[in-house]
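Geometric and topological summary
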Amino acid sequence: MMAEAGADGPRLAELLALGRRLWDELEASTEPSSGAPAVQEKVRQGLDALQRAAAMVAQLELFSENEELEEVASADLKFMLLPALLGALTLKQVDLSRRMEHLETAREHFLRFLKLCRNYGLGSFQLPPSTSSEEGAGAPPTPRDPAQPNLMAMAMSRTAKIERYKQKKELENKLASMSSSVESGTADEEQIREFYILQIQKWIGTSLEEIDSIDQELVILRSRDAARQASAGAHGPSRPTRAPMKPFILTRDAAQARVFGAGYPGLPTMTVDDWYEQRRRQGVVSQQGFEELGSPPCPSPPAGAVDEELQKQQQEKKEEEDDEEALQRARNWDDWKDTHPRGYGNRHNMG
């Protein structure tokens, strides 16, 4: 295995070195926004290099579940970091429409790294739950009811975080003191091996922290999506919009329809009966009348008002049909008023 790695070693090592360098630059970047084009280009290049390196490692079968840590060559230990670096770079992508996908992919990378470390006995930690089907179709375990928190679990988690933070600081100090000799090539194989193992242990703590943050964000995103779906379902399917009606003028009867107009062409005039008949053919109203439109029935007018209205309509109808007799009486009355002043013939109040 060492010989195979040595044959392709330079190229594989270069891909890993490129991914590490881009990651370090992103961590030390002073760009005001992680979505800046220059930042996202580095993320893309880093992911591409690390993915190619991971494919080569899988092809070479550098790591196996059936071997011990002592069987892994010191020069190959650094390639164990590939899944963790892939997870860290995946989280730096800023496409909000694919945020959940990126979170789930990064979690898989971190979990793969932790499983690899657990298999080789590197570090003492509790492996987070996987995102397999038994955990609910890829979702992390459902959190406990916040109204009844598990105080013991919270205390243990807080203690574990504090311990990981202390270990991380100690590992960073050791790595800083050893990095110069390893990078310069003056370190012996034992120092190189210790240096890579310390790096792996540091990334174990980082991976555990990232998975914890990812699980919390996934709960928020899934709750938001569920609320949106519930809101959309509550409103139900949208009702089809009814085509707007053309404007028209309602008249009492056909005679008025002929007399009164809109004042400009293109605006039809119809009677109430015509309008009602048209609406009935369109299926808006039925034979039962206007009650089915949802409006309350109109109260019946008094009998006297009905008679007066009928007389008025009959009089108007006679006038509109040019009734000669009515017209003659009206003309006679007008002529009489012209020749007889107001009060003519009233003798009762004379002094």
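Keep in mind it's a predicted model, so treat the numbers as computed, not measured.

**So, helix 2 (residues 37-60)**
Its 24 residues give helix 2 an end-to-end C-alpha distance of 35 Å, which sits within 8% of 34 Å, the value for a rise of 1.5 Å per residue. Val39, Gln40, Val43, Gly46, Leu47, Ala49, Leu50, Ala53, Met56, Val57 and Leu60 are the residues of helix 2 that are buried. Where helix 2 ends, the next residue or the one after it, Glu61, has phi of about 55°, a positive value.

**Regarding the confidence of the model for the protein**
Taken as a whole, the protein shows an average pLDDT of 78; of its residues, 68% reach a score of 70 or greater. Confidence, read as mean pLDDT per element, is least for strand 1 (residues 249-251) in the protein (57) and greatest for helix 3 (residues 82-90) (97). Considering only residues more than four positions removed or in separate chains, one finds that residues 132-144, a stretch of pLDDT under 50, has 16 contacts. Scored below 50 in pLDDT, residues 292-296 makes four contacts in the model with residues more than four places away or belonging to other chains.

**As for the nonpolar core**
One finds Phe63, Phe113, Leu122 and Ile204 to be the most contacted residues of the largest nonpolar core, which totals 58 residues. Broken down by secondary-structure element, the contributors of at least two residues to this core are helix 1 (2-27), helix 2, helix 3, helix 4 (99-119), helix 5 (151-184) and helix 6 (189-235). Residue contributions to this core peak at twelve residues, all from helix 6. Leave out the neighbours within four places in its chain, and Ile204 touches Phe113, Leu114, Cys117, Leu122, Gly123 and Phe125.

**Here we look at the packing of helix 3 against helix 4**
For the pair helix 3 and helix 4, the least separation of the axes is 7 Å and the interaxial angle reads 160°. Between helix 3 and helix 4, the crossing angle belongs to the class labelled roughly antiparallel. As helix 3 packs across helix 4, the resulting crossing turns out to be left-handed. Taking contact as the criterion, the partners of Pro83, Ala84, Leu86, Gly87, Ala88 and Thr90 in helix 3 are, on helix 4, His102, Thr105, Ala106, His109, Phe110 and Phe113. The class makeup of the residues in the contact of helix 3 with helix 4 is seven nonpolar, five polar and no charged.

Each value, and the rule that gives it
Residues numbered from 1 in each chain as written. Predicted model: local features only at pLDDT ≥ 70, side-chain atom pairs only at ≥ 80, totals over all residues. Heavy atoms only, no water. Helix = DSSP H or I, 4+ residues; strand = E, 2+ residues; numbered from the N terminus. Expected span 1.5 Å × (residues − 1). Buried < 20%, exposed > 50% of the residue type's maximum accessible area, 1.4 Å probe, protein only. pLDDT = per-residue confidence, 0-100. Contact = heavy atoms within 4.5 Å. Core = buried A, V, L, I, M, F, W, Y, C linked by side-chain atoms within 4.5 Å. Axes fitted to C-alpha atoms, helices over the stretch in contact; angles between N-to-C directions. Parallel < 35°, antiparallel > 145°, perpendicular 65-115°, else oblique. Left-handed = near helix turned anticlockwise from the far one by under 90°. Nonpolar A, V, L, I, M, F, W, Y, C, P; charged D, E, K, R; others polar.

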